[in-house]
Every structure is written in C-alpha cells, then in structure tokens.
Amino acid sequence: MATQKVGGEVDAQCTRCKMNLAHTILAMVGPKIVRVRCNTCGGDHAFRGAAGVTDRPTKASTTRAPRAASSSGGTTRAEKVVISFDEQLAGKDIASAPKYSPKDTYKVDQVLHHPTFGVGLVTAVRGDKVDLTFRTDTKTLVHGRGGPPTDKPVFSPPTNKHTGPADKPQAEPPPEADLAAETSLPSGD
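Rules of the game
Each chain carries its own residue numbering, running from 1 in the direction its sequence is written. Local features are withheld for residues below a pLDDT of 70 in this predicted model, meaning they are given only at 70 or higher, and side-chain atom pairs are given and counted only at 80 or more; totals for whole chains, interfaces and linings count all residues. Where side-chain values are given, they derive from all heavy atoms of the structure, hydrogens and water being excluded. In this text, helices come from DSSP runs of H or I with a minimum length of four residues, and strands from runs of E with a minimum of two, each type numbered from the N-terminal end. Remark: exposure states derive from per-residue accessible area (1.4 Å probe, protein chains only) relative to the maximum for the residue type, with buried under 20%, exposed over 50%, and partly exposed in between. Contacts are assigned to residue pairs with any non-hydrogen atoms lying within 4.5 Å of each other. For every accessible area listed, the method is Shrake-Rupley and the probe measures 1.4 Å; residues are considered covered only by the protein chains on display. Should DSSP find at least two bridges between two strands, the strands are taken to pair. Geometry is summarised by axes, namely lines fitted to C-alpha atoms with helices restricted to the contacting stretch, and by angles between N-to-C directions that run from 0 to 180 degrees. Ring pairs shown here join Phe, Tyr and Trp side chains whose ring centres sit within 6.5 Å, with only the six-membered ring taken for Trp; geometry is labelled stacked below 30 degrees between planes, edge-to-face above 60, and tilted in between. N or O atoms within 3.5 Å of each other form a polar contact, as long as, within protein, one can give a hydrogen and the other can take it, and as long as residues adjacent in sequence are counted only when both atoms are side-chain atoms. Side-chain atoms within 4.5 Å link the members of a nonpolar core, which is a set of buried Ala, Val, Leu, Ile, Met, Phe, Trp, Tyr and Cys residues.

*Asks:* Help me understand the overall build of the protein chain, please; the structure alone is not making it clear to me.
*Replies:* When its secondary structure is counted, the protein chain shows three helices and eight strands. Its helices and strands taken in sequence order, the protein chain reads β-β-β-β-α-α-β-β-β-β-α from the N to the C terminus. Here the protein chain holds 189 residues, and the buried ones make up 17% of them. Of the contacts made within the protein chain by residues no fewer than 6 positions apart, 26% connect residues no fewer than 24 positions apart. In the structure as shown, the protein chain presents an accessible area of about 15300 Å², 54% of it carried by carbon and sulfur atoms.

Rendered as structure tokens:
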C-alpha cells in the first residue's frame, strides 16, 4: 500500500458528484485522511472512503466473550426478550372483549375488538389517544371522546320571500300587497 500524504491523490466518495472519484488530500491527522477536494467538481468535503470500503473493525475481529458482572464495575448486556402477540393475549378474556368506540375510555392491558383490525391490546394511554397492538401492527386511536350529547344542528329551509342583498335592510311589504298579488294571478279559464 502506498504511503498517502497531503497533496497526494486518493479515491473517495464525492458528496456532490455522488460517485467514487479521484480526490486531492487536503488534510491528515496522523495516518488518517480527514479532508479532500474532488478533482472533478472542485468541492471540498470530509474524507469518505470509496463505497464498500471501511476502516471500521469487522464484527469477527471484535467478537469477545461476554463480560460477567463484577465488583469492579463491569456490566452485562440485557438480552432482548420478544413476546409474541399470542403470548401477550394469553390469560386475557378475548371472548368478552368490548368493541372499540372512540366514545369509550380504555386502560392499559385491556383487550378490544376493532371492526377493521381485529383483536387488539391497549399498550399505552396518552391523554385522549391509545396505542393498540394488533397481530400485524400497532395503531394509535382516539378514546374518551364521548362527552355530553350535542344537539343536532337545526335545518331551516329557505323561504320564497325575496329579501334582497344582505347588506341593505329591506322594508316589510304590507300584508295587503301580498293578498292583492295572490288574487291578481291570471286564472286558467
């Protein structure tokens, strides 16, 4: 392997060109290249080795026996425990699970039946939202939105009276004028 020095060339991943290209070395810290200039676009950036090439240690070279907890402060890593959906539902009464409704209020570890997603388990409650874990996914849904019943809006059909523009007040025609207008209609004789 050739010795690299400032002013020399090296192949690196250019951040502007998005390709592995020849770069001029601008700065080094010890034997490590830290700053380069792309010979194609002229852009300066931190050194990124050619794609697929790394100077990080491989997993095989860093594999060690697990540390045991000792009085000198050594720690052991906790293993991840994955609990399946069926194991989470074990011991829960699925048959009497209530149907999900945004009006009802739910609590953690409660089993629900959702009309679209099926049986789910409440895993978190945050204000007016709950996280429900289903067999395939976790969904965030609302709850506790019942509140007092609200009155339905009243529908007022439009009237046949011509009221004119809304920005100008209209005088009410006298009731006799309405009767005269109705009686003066031509008859079909």
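*Asks:* Would you mind going over the sheet that holds strand β7 (residues 129–133) with me for this structure?
*Replies:* Remark on secondary structure: sheet strands pair via backbone hydrogen bonds, oriented parallel or antiparallel. If you walk across this open sheet you meet the four strands as β5-β6-β7-β8, and the pairing is antiparallel. The outermost strands of the open sheet, each flanked by one partner alone, are β5 (111–114) and β8 (138–142). If you compare each strand with its neighbour and ignore which way they point, the axes differ by 45 degrees on average. Of the strand pairs in this sheet, strand β6 (residues 118–126) and β7 are connected by five bridges, and their pairing is antiparallel. Each residue of the ladder has a partner; that of Leu121, found in β7, is Thr133.

*Asks:* How do you make sense of the packing of aromatic side chains when you look at a structure like this?
*Replies:* The relative placement of two aromatic rings is captured by the distance of their centres and the angle of their planes. Scanning the model with the defined rule gives two aromatic pairs in all. Each ring, one from Phe117 and one from Phe134, has its centre 5.2 Å from the other, and the planes form 45 degrees; the classification is tilted. Separated by 17 residues along the polypeptide, Phe117 in the loop between β5 and β6 and Phe134 in the loop between β7 and β8 bring together distant segments of the chain. Exposure remark for Phe117: the relative accessible area of 37% places this residue in the partly exposed category. Looking at Phe134, the relative accessible area reads 4%, which means it is buried.

*Asks:* Just to check I follow, could you spell out the side chain of His45 for this structure?
*Replies:* Inspection of the secondary structure assignment puts His45 in strand β4 (residues 44–46). At 3.1 Å, the side chain of His45 forms a polar contact with the side chain of His23. In this view, His45 contacts Gln13, Cys14, Thr15, His23, Val34, Arg35 and Val36; residues no more than four positions away in its chain are not counted.

*Asks:* I'm lost on the nonpolar core in this one. Help?
*Replies:* Nonpolar side chains in soluble globular proteins tend to end up buried together. Counting eight residues, the largest nonpolar core consists of Tyr100, Tyr106, Leu112, Val122, Val130, Leu132, Phe134 and Leu141. Discounting residues that sit within four places of it in the chain, Val130 has contacts with Tyr106, Val122, Ala124, Val125, Lys139, Thr140, Leu141 and His143. Among the nonpolar cores identified, the runner-up in size contains five residues, and Phe85, Ala97, Val111 and Leu121 belong to it.

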